[in-house]
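Structural features, examined
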Amino acid sequence: MSRVQYLFRSRNIIPDTIKYIVREDKRSVIYFMDNQKISTSIPMKEIMTMLPEKDFVSIQKGVIVAVKQILDISNSGVYTMTDGKTIQGRKRYLSEHKNRRAALALHVADAEGNFYPPMGLLEKCSLLDDLPLPYCVIELVFDKAGKGIDFIFRYCNKAMSTLTSFSSEAMIGHSFYEIFSNGDKKWLITYADVALNGGQHVIRDIGADPEKSMNVYCYQPTDGYCACVLVQE
């Protein structure tokens, strides 16, 4: 057992509880979310081997931070952590910090400097509650074998409720084919393609009554989801 493995085991260190690790006075200091800290002579690069690569980043020599503890990254590469601590990232690679900020969809600040988390997908959808066109977001769900088997409604606006004669509460959390029992199963292929691969598609639905035919405009709002705008002709 290596000394870093021994440290993590003997001190019961769980990576999810780490905020950041800073090199101070020739020692590596691990800071935790409960405001405790552990100082060790073990080099940072050895400690990094015990951390999930996708969850931690080195922002400058001697500083490793937990991605989920990053509150904001300024244009000048200054990281603001959830505990209020600010840390200057590498100044030579400002584009690296800007790209990371965009990739993480970090918190935003108001005019007074107060930070707020970005709106989630369904919170953003609430802005479309009164859109005069039926709009919904459906999520592709998988079976145990990892195959897409159905879509579940995650959001429906008021116009969608009017079109289907179902309330939003009756649709959200239920299968697409529970609501559209006569829906063509081939639609699932298009929805799955959009949810998994992105892009845009238009489905033309011609029902028994030609006067009620419609176009369904589909796009991917985020991975695994397909958003639909229904436009009756």
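Residues numbered from 1 in each chain as written. Predicted model: local features only at pLDDT ≥ 70, side-chain atom pairs only at ≥ 80, totals over all residues. Heavy atoms only, no water.

Now for the overall build of the chain. Scanning the chain for helices and strands turns up eight helices and 15 strands. Out of the 233 residues in the chain, the part that is buried amounts to 38%. Within the chain, residue pairs in contact and separated by at least 24 positions form 39% of the contacts whose partners lie at least 6 positions apart. Accessible surface computed for the chain: about 13900 Å², of which carbon and sulfur atoms make up 52%. (Helix = DSSP H or I, 4+ residues; strand = E, 2+ residues; numbered from the N terminus. Buried < 20%, exposed > 50% of the residue type's maximum accessible area, 1.4 Å probe, protein only. Contact = heavy atoms within 4.5 Å. Areas by Shrake-Rupley, 256 points an atom, 1.4 Å probe, with all protein chains shown as cover.)

Attention now moves to the sheet that holds strand β7 (residues 78–81). Across the sheet, which stays open at both edges, the three strands sit in the order β6-β7-β8 with antiparallel pairing between neighbours. What marks the edges here is a single partner per strand, and that holds for β6 (70–73) and β8 (86–88). Within this sheet the neighbouring strands show an average axis-to-axis angle of 25°, counted without direction. Of the pairings in the sheet, the one linking β6 to β7 comprises three bridges and is antiparallel in character. Looking across to β7, one finds that I73 is bridged to Y79. Against the sheet, helix α3 (residues 94–104) touches β6 and β7, its axis set at about 130° to β6. (Pairing = 2+ DSSP bridges. Axes fitted to C-alpha atoms, helices over the stretch in contact; angles between N-to-C directions.)

Glancing now at the nonpolar core. Judged by nonpolar contacts, the single largest core of 24 residues is most densely connected at F151, F153, Y191, C226 and C228. Secondary structure elements with two or more residues in this core: β11 (135–142), β12 (148–156), α7 (176–179), α8 (187–197), β14 (214–219) and β15 (225–232). Top contributing element to this core by residue count: α8, with six residues. Setting aside chain neighbours within four positions, we find Y191 in contact with I138, F151, F176, I203, V216, C218, C226 and C228. Ranked by size, the runner-up nonpolar core spans 16 residues in total, among them V4, I13, I38 and I42. (Core = buried A, V, L, I, M, F, W, Y, C linked by side-chain atoms within 4.5 Å.)

For α8, the full list of buried residues reads W187, L188, Y191, A192, V194 and A195. Burial along α8 is one-sided: seen end-on, the buried residues are contained in an arc of 165°. Opposite the packed face of α8, turned more than 90 degrees from it, sit the exposed residues I189 and N197. Directly after α8, the chain includes G198, whose backbone phi takes a positive value near 80°. (Arc of directions from axis to C-beta.)

Before going further, it helps to spend a moment on the pattern of salt bridges. For the structure shown, the criterion picks out eight salt bridges. For E96, the salt bridge goes to R90, with nearest N and O atoms at 3.6 Å. Look at the salt bridges and you will find they share partners, linking R90, E96 and R100 into a network. (Salt bridge = Lys/Arg side-chain N within 4 Å of Asp/Glu carboxyl O.)

Before going further, it helps to spend a moment on unusual backbone geometry. Generally, phi is negative for residues other than glycine and the peptide bonds are trans, each holding for most cases. You will see that D25, though not glycine, has its phi angle at about 50°, which is positive. By the secondary structure assignment, D25 is in the loop between β1 (18–24) and β2 (27–32). Overall, the relative accessible area of 77% leaves D25 in the exposed class. Its identity is not glycine, yet N35 carries a phi of approximately 75°, on the positive side. Among the structural elements, N35 can be located in the loop between β2 and β3 (37–40).

Let's shift gears to the environment of R100. The residue R100 is located in helix α3 in this model. Expressed as a C-alpha distance, the spacing of R100 and V67, which sit 33 residues apart in the sequence, is 9.7 Å. Once you skip the residues sitting within four places of it in the chain, R100 turns out to touch V57, I59, I73 and Y79. A polar side-chain atom of R100 sits 2.5 Å from a polar atom in the side chain of Y79. (Polar contact = N/O pair within 3.5 Å; in protein donor to acceptor, adjacent residues only side chain to side chain.)

Let's shift gears to the sheet that holds β2. With respect to topology, five strands assemble into an open sheet ordered β3-β2-β1-β5-β4, the strand pairing being antiparallel. Strands at the two margins of the open sheet, each flanked by one partner only, are β3 and β4 (56–60). This sheet shows a mean twist of 20° between the axes of neighbouring strands, independent of strand direction. Pairing of β1 with β2 involves six bridges; the strand directions are antiparallel. The residue bridging E24 from the neighbouring strand is R27, located in β2.

Regular strands place side chains that alternate from one sheet face to the opposite one. Among the eight residues in β15, six count as buried, and that is most of the element. In textbook terms, the turn of a hairpin is the stretch between consecutive antiparallel strands, and for β14 and β15 this stretch comprises five residues, one of which, G224, has a positive phi near 85°.

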